[in-house]
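# Notes for the structure review
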Amino acid sequence: MPMIRPLARRCVRLFILFCALTTTMVFAQSQAEPGDMQFLFAFGALTGPEGKQKVMAVQNETRLGSGDRLKLFIEPRSAIHVYLFHLSTEGELDFLFPGEGQSARILPGSPLHIPDGTRWFQLDTHTGQEKFLLLVSAQQLHRLESLYARHATLTEKAALQSSADSIMNEIKQLRLKHQDLSAPAEKPVRIGGSLRGQTPKDAPIFPDVTPLASEISASGGFYGRTFTIDHR
């Protein structure tokens, strides 16, 4: 019996210490910046004549030709929502990701290729300025999704143009809302491995775009980038 009381006091002290450590950990977590995102990203193009094709990183104002192929790769380090639009040379707006039945939310460690599998986007014969608009957000962009859901139901040319303008304006507003955030950090990393998804006959031998990937860190839960392609 004499040993019970000291042991009880010791257990109480250990419990108090555990509570203090837990409180400290919760407080430390609360100090982390909300919505910080980290992900790997690559945008690659397969260009050149048959037998002499090469993979190159797509940057703003990259020059490509009809028949060249494109593919994007994203692998999140934290849960993110990914949205990819394409604005054609004729002003047509397509929602490339997420597609029908897909979720914009991508979990950590889940590599995403757009388009998936062995498919690539392929530039058609309509030359001019092509734009790819990439948005990555820690939160689901409900209004943007709703605007495009409506856009997909339209058929009249004037209504489609008006709807496309609304979507582009929403993207502009999202960027303005987050323009005061610090510029995202990008660094190279070493890792393995009409505009529509195509499955070329020689797709299995096509190279991977993942070696082009950079690691992107974006604060504030938002990252937006436009790739303008000089399609000749």
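Below, the structure is looked at part by part.

The rules behind the values
Residues numbered from 1 in each chain as written. Predicted model: local features only at pLDDT ≥ 70, side-chain atom pairs only at ≥ 80, totals over all residues. Heavy atoms only, no water. Buried < 20%, exposed > 50% of the residue type's maximum accessible area, 1.4 Å probe, protein only. Helix = DSSP H or I, 4+ residues; strand = E, 2+ residues; numbered from the N terminus. Pairing = 2+ DSSP bridges. Core = buried A, V, L, I, M, F, W, Y, C linked by side-chain atoms within 4.5 Å. Salt bridge = Lys/Arg side-chain N within 4 Å of Asp/Glu carboxyl O. Polar contact = N/O pair within 3.5 Å; in protein donor to acceptor, adjacent residues only side chain to side chain. Contact = heavy atoms within 4.5 Å. Axes fitted to C-alpha atoms, helices over the stretch in contact; angles between N-to-C directions. Parallel < 35°, antiparallel > 145°, perpendicular 65-115°, else oblique. Nonpolar A, V, L, I, M, F, W, Y, C, P; charged D, E, K, R; others polar. 1 Å grid on protein atoms, 1.4 Å probe; cavity = no way out; pocket = protein on both sides within 12 Å on 5 of 7 lines; lining within 4 Å. Points joined across faces, edges and corners; volume = space filled by probe spheres on them.

### Quick look at the pairing of strand S10 (residues 128-137)
- In terms of residue burial, S10 counts as a mostly covered element, since seven of its 10 residues are buried.
- For strand S5 (residues 80-87) and S10, the ladder comprises seven bridges, and the chain directions are antiparallel. Following the sheet pairing, Tyr 83 is matched in S10 by Leu 135.
- One ladder, built from 10 bridges, connects S10 with strand S14 (residues 222-231); its direction is antiparallel. Paired with Leu 135 across the strands is Gly 224, a residue of S14.

### Considering the nonpolar core
- Counting 29 residues, the largest nonpolar core has Phe 41 and Leu 70 as the members making the most contacts within it.
- The element that contributes the greatest number of residues to this core is strand S1 (residues 37-47), accounting for five residues.
- Judged by nonpolar contacts, the second largest core, of 16 residues, contains Tyr 83, Leu 133, Leu 147 and Leu 174.

### Some words on the pattern of salt bridges
- One pass over the structure, following the stated rule, counts five salt bridges.
- For Arg 63, the salt bridge identified is with Asp 230, shortest N-O distance 3.6 Å.
- You can call Arg 63 exposed: its relative accessible area is 53%.
- Relative accessible area serves as the criterion here: at 22%, Asp 230 is assigned to the partly exposed category.
- Residue Arg 77 is joined to Glu 75 by a salt bridge in which the shortest nitrogen-to-oxygen separation is 3.6 Å.

### Details of the side chain of His 178
- In this structure, His 178 sits in the loop between helix H3 (157-177) and strand S11 (185-188).
- Of the polar contacts made by the side chain of His 178, one reaches the backbone oxygen of Leu 174; its length is 2.7 Å.
- Excluding residues within four positions of it along the chain, His 178 makes contact with Gly 220 and Phe 222.

### With respect to unusual backbone geometry
- Here the residue pair Phe 97 and Pro 98 is connected by a cis peptide bond, since its omega of 0 degrees sits within 30 degrees of zero.
- Mapped onto the elements of the fold, Pro 98 is located in the loop between strand S6 (93-97) and strand S7 (105-106).
- Its identity is not glycine, yet Glu 61 carries a phi of approximately 70 degrees, on the positive side.
- Within the fold, Glu 61 resides in the loop between strand S2 (54-57) and strand S3 (62-64).
- Under the relative-accessibility criterion, Glu 61 is labelled exposed at 52%.

### Overview of the packing of helix H2 (residues 142-151) against H3
- Interhelical geometry of H2 versus H3 gives an angle of 170 degrees and a closest axis separation of 10 Å. Regarding the angle of H2 to H3, the classification is roughly antiparallel. Facing Arg 143, Leu 144, Leu 147, Tyr 148, Arg 150 and His 151 of H2, the residues of H3 in contact are Leu 160, Ser 163, Ala 164, Ser 166, Ile 167, Glu 170 and Ile 171.
- Split into classes, the residues belonging to the contact of H2 with H3 amount to seven nonpolar, three polar and three charged.

### Considering the layout of surface pockets
- Estimated volume of the second largest pocket: approximately 280 Å³.
- As for the second largest pocket, its lining consists of 11 residues, and the residues nearest its centre are Gly 91, Glu 92, Leu 93, Leu 160 and Gln 161.
- Broken down by secondary-structure element, the contributors of at least two residues to the lining of the second largest pocket are S6 and H3.
- Top element by residues in the lining of the second largest pocket is H3. It accounts for four residues.
- Here the residues of the lining of the second largest pocket sort into three nonpolar, three polar and five charged.

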